[in-house]
Structure formats: C-alpha cells, structure tokens
Amino acid sequence: MPSSTKSFKVFINYNYCKNCGICSWICPVNAIIEESFGKPVVPDHEKCTGCLQCERMCPDFAINVIEINS
Ligand code: SF4
Ligand code: SF4
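Model, not experiment: these values are computed from the prediction.

A. Inspection of the environment of V41 at higher detail. Within the secondary structure, V41 is located in strand 3 (residues 40–41). Residue V41 is classed as buried on the basis of its relative accessible area of 15%. C-alpha of V41 to C-alpha of V29: the two residues are 12 residues apart in sequence and 13 Å apart in space.

B. Quick peek at the nonpolar core. Grouped together as the largest cluster of nonpolar side chains are 16 residues, with contacts concentrated most on V10, I12, I32, C48, C54, I63 and V65. Contributions of two or more residues to this core are made by strand 1 (6–12), helix 1 (22–26) and strand 4 (63–69). No other element matches strand 1, which puts 3 residues into this core. When residues no more than four places from it in sequence are discounted, the contact partners of V10 are I32, V42, H45, C48, I63, N64 and V65.

C. Just the environment of G21, in detail. Summarising the element assignment, G21 is placed in the loop between strand 1 and helix 1. Each C-alpha atom, one on G21 and one on F61, is 13 Å from the other, the two residues being 40 residues apart in sequence.

D. Region of the structure containing the packing of aromatic side chains. All told, the structure shown has 0 aromatic pairs when counted by the stated rule. The positively charged end of K39 is found above the aromatic ring belonging to Y14, 4.6 Å away from the centroid.

E. Examining the site of ligand 1 more closely. Near ligand 1 there are 13 residues, and of these C17, C20, G21, C23 and C58 occur at the shortest range. Of the residues contributing to the shell around ligand 1, the split by class is 9 nonpolar, 2 polar and 2 charged.

Scoring rules and cut-offs
- Residues numbered from 1 in each chain as written.
- Chains lettered and ligands numbered in written order.
- Predicted model: local features only at pLDDT ≥ 70, side-chain atom pairs only at ≥ 80, totals over all residues.
- Heavy atoms only, no water.
- Helix = DSSP H or I, 4+ residues; strand = E, 2+ residues; numbered from the N terminus.
- Buried < 20%, exposed > 50% of the residue type's maximum accessible area, 1.4 Å probe, protein only.
- Core = buried A, V, L, I, M, F, W, Y, C linked by side-chain atoms within 4.5 Å.
- Contact = heavy atoms within 4.5 Å.
- Phe/Tyr/Trp six-rings, centres within 6.5 Å; stacked < 30°, edge-to-face > 60°.
- Lys NZ or Arg CZ within 6 Å of the ring centre and 35° of its normal.
- Near = heavy atom within 4 Å.
- Nonpolar A, V, L, I, M, F, W, Y, C, P; charged D, E, K, R; others polar.

Here you go:
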C-alpha cells in the first residue's frame with residue numbers, strides 16, 4: 001500500500017493520446033475512465049495510487065504521473 005501522505009496527479013497529453021483505452025483498462029483503481037469517443041479522463045486524482053501502470057503501458061507516451069508532496 002502506498003503511504004497515505006503521498007498523492008499523485010495524472011497528466012494526459014492529448015496531443016499524443018490516440019484514445020486506445022489501454023490506460024483506463026489497466027488502471028487498477030479506475031482513476032482513469034473513458035469519456036465520450038474513448039477519451040481518457042481523470043475526474044478524481046485522489047484515487048490514483050501512483051502505480052505507474054498507465055504511464056508504462058501507454059503506447060504513445062502520453063501519460064505522466066507526478067507525485068505531489070502533501
Ligand atoms: S493508453 Fe495512452 S494513448 Fe491510450 S488512451 Fe491512454 S493516454 Fe491515450
Ligand atoms: S498511476 Fe496507477 S492508479 Fe494512477 S492512474 Fe495510473 S494506473 Fe491508475
């Protein structure tokens with residue numbers, strides 16, 4: 001389990017994103033969900049545990065997960 005003092009923010013570069021759906025499919029906590037036309041969005045960044053699976057799996061290097069010190 002990640003430390004409760006850590007929080008994360010998920011940045012998606014829509015200039016690179018091809019709406020493939022891998023990130024929302026792989027996210028274990030459903031922090032990334034698909035909007036209309038498969039566009040990935042993160043409505044609640046607090047859900048993100050910082051596992052980085054989305055960042056690693058995105059074929060277009062469109063995701064950047066940043067740890068925010070609180
Ligand atoms: S995995 Fe990457 S390219 Fe695919 S929907 Fe997510 S951000 Fe877009
Ligand atoms: S880092 Fe992990 S928990 Fe956070 S959005 Fe990506 S896949 Fe989901």
